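Spelled out, the chains give:
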Amino acid sequence: MYKHILIPIDGSPLSTQALEKALDFAHETGAEATVLVVMEPLQVFTLNPAGMEIAYAEYDRQNNEAADGILSSAREAAKQRMVACETVKLESTDPASTIVEAADKYNCDLIAMASHGRSGFKAFMLGSVTMKVLANSKTPVLVYR
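Residues numbered from 1 in each chain as written. Predicted model: local features only at pLDDT ≥ 70, side-chain atom pairs only at ≥ 80, totals over all residues. Heavy atoms only, no water.

Quick notes on the packing of aromatic side chains
Applied cut-off: Working definition: a ring pair exists when centres of Phe, Tyr or Trp rings (six-membered ring for Trp) sit within 6.5 Å. Plane angles under 30 degrees give stacked, over 60 give edge-to-face, the rest tilted. Under the DSSP-based scheme used, a helix requires at least four consecutive residues in state H or I and a strand at least two consecutive residues in state E, with every element numbered from the N terminus. Only protein chains enter the accessibility calculation, which uses a 1.4 Å probe; a residue is then buried when its area is under 20% of its type maximum, exposed when over 50%, and partly exposed in between.
The final tally for this structure, using the stated rule, is one aromatic pair. On the numbers, 6.1 Å between centres and 55 degrees between planes, the contact of Y2 with F25 is tilted. Here the residue Y2 occupies a position in the segment before β1 (4-8), and F25 occupies one in helix α1 (residues 13-29), the gap between them amounting to 23 residues. Residue Y2 is classed as partly exposed on the basis of its relative accessible area of 25%.

Describing unusual backbone geometry
Within the chain, M82 stands out as a residue other than glycine whose phi angle is a positive 55 degrees. Following the sequence through the fold, M82 ends up in the loop between α2 (52-80) and β3 (85-91). The phi dihedral of N107 falls on the positive side, at around 55 degrees, and the residue is not glycine. Looking at the secondary structure, you find N107 in the loop between α3 (95-105) and β4 (110-114). According to the relative accessible area criterion, N107 is exposed, its value standing at 62%.

Overview of the pairing of strand β2 (residues 32-39)
How we decide: Strands pair, by our definition, only if DSSP identifies at least two bridges between them.
Burial of β2 is extensive: seven of the eight residues sit out of reach of the surface. Here seven bridges tie β2 to β3, and the two strands are oriented parallel to one another. In the strand pairing of β3, L36 is matched with V88.

Considerations on a negative patch on the surface
The following threshold applies: Exposure above 30% relative accessible area and the absence of a salt bridge qualify a residue for a patch, where like charges join within 9 Å and nonpolar side chains (Val, Leu, Ile, Met, Phe, Trp, Tyr) within 5 Å. Computed with a 1.4 Å probe, the accessible areas rest on the Shrake-Rupley method; for each residue, only the protein chains presented here act as cover. Put simply, a salt bridge is a Lys or Arg side-chain nitrogen that is within 4 Å of an Asp or Glu carboxyl oxygen. Positive charges come from Lys and Arg alone, negative charges from Asp and Glu alone, with His and the N- and C-terminal ends not counted. To locate a charge, take atom NZ for lysine, CZ for arginine, CG for aspartate or CD for glutamate.
Together, E40, D94, E101 and D104 make up a negatively charged patch on the protein surface. Within the secondary structure, E101 is located in helix α3.

Thoughts on the pattern of salt bridges
Evaluated as defined, the whole model comprises four salt bridges. We note a salt bridge from R61 to E65, for which the minimum N-O separation is 3.0 Å. One end of the pair, R61, and the other, E65, are both in helix α2, four residues apart, so they sit about a helical turn from each other. Owing to a relative accessible area of 44%, R61 belongs among the partly exposed residues under this scheme. Taking the relative accessible area as the measure of exposure, E65 reaches 51% and is therefore exposed. Taken together, the salt bridges that share partners define one network made up of E58, R61 and E65.

Points about α2
Definition in use: Take the number of residues in a helix, subtract one, and multiply by 1.5 Å to get its expected span.
Here α2 contains 29 residues, and its C-alpha end-to-end distance of 42 Å stays within 8% of the 42 Å for a straight helix at 1.5 Å per residue. Among the residues of α2, those classed as buried are M52, N63, A67, L71, A74, A77 and A78. After α2 finishes, the residue M82 shows a positive phi value of roughly 55 degrees.

A look at the side chain of N63
Applicable threshold: Residues are treated as being in contact if the distance between any of their heavy atoms lies within 4.5 Å.
Positionally, N63 belongs in helix α2. In this view, N63 contacts M39 and E40; residues no more than four positions away in its chain are not counted.

What to know about the environment of T130
Structurally, T130 can be placed in helix α5 (residues 129-136). Relative accessible area serves as the criterion here: at 5%, T130 is assigned to the buried category. Residues T130 and S115, 15 residues apart in the sequence, show an inter-C-alpha distance of 5.9 Å. Setting aside chain neighbours within four positions, we find T130 in contact with M113, A114, S115, H116 and V143.

Now the structure itself:
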């Protein structure tokens, strides 16, 4: 069946539930897992960029700290289920493309991720990362709701 599952997570409750279900599935099928956090860089447009270096540095520090915590919890969850697990954090302004590219790069044969169910105007304007992954991935995608 599946041998290597990519599990993109963002630390949200729905994402954490999807991680647990995907790790259970990996355990049942004997697959290994790669857990991915995609960190979005701070994007500020200003006419006066003086002093923004401090804001960028602090944002990066907090973003990395949060990603490290999320991945540490994922490693522990995988260990409890006896699933071989690598963790990866990447920075990108386009999380969906990064997820699709990571599946190829790490030779994953399944992407297992949460659906975040945006609705209304937000869904129309922003789109859903999950929907973009579904639309662009050649790798099968398992969506947990």
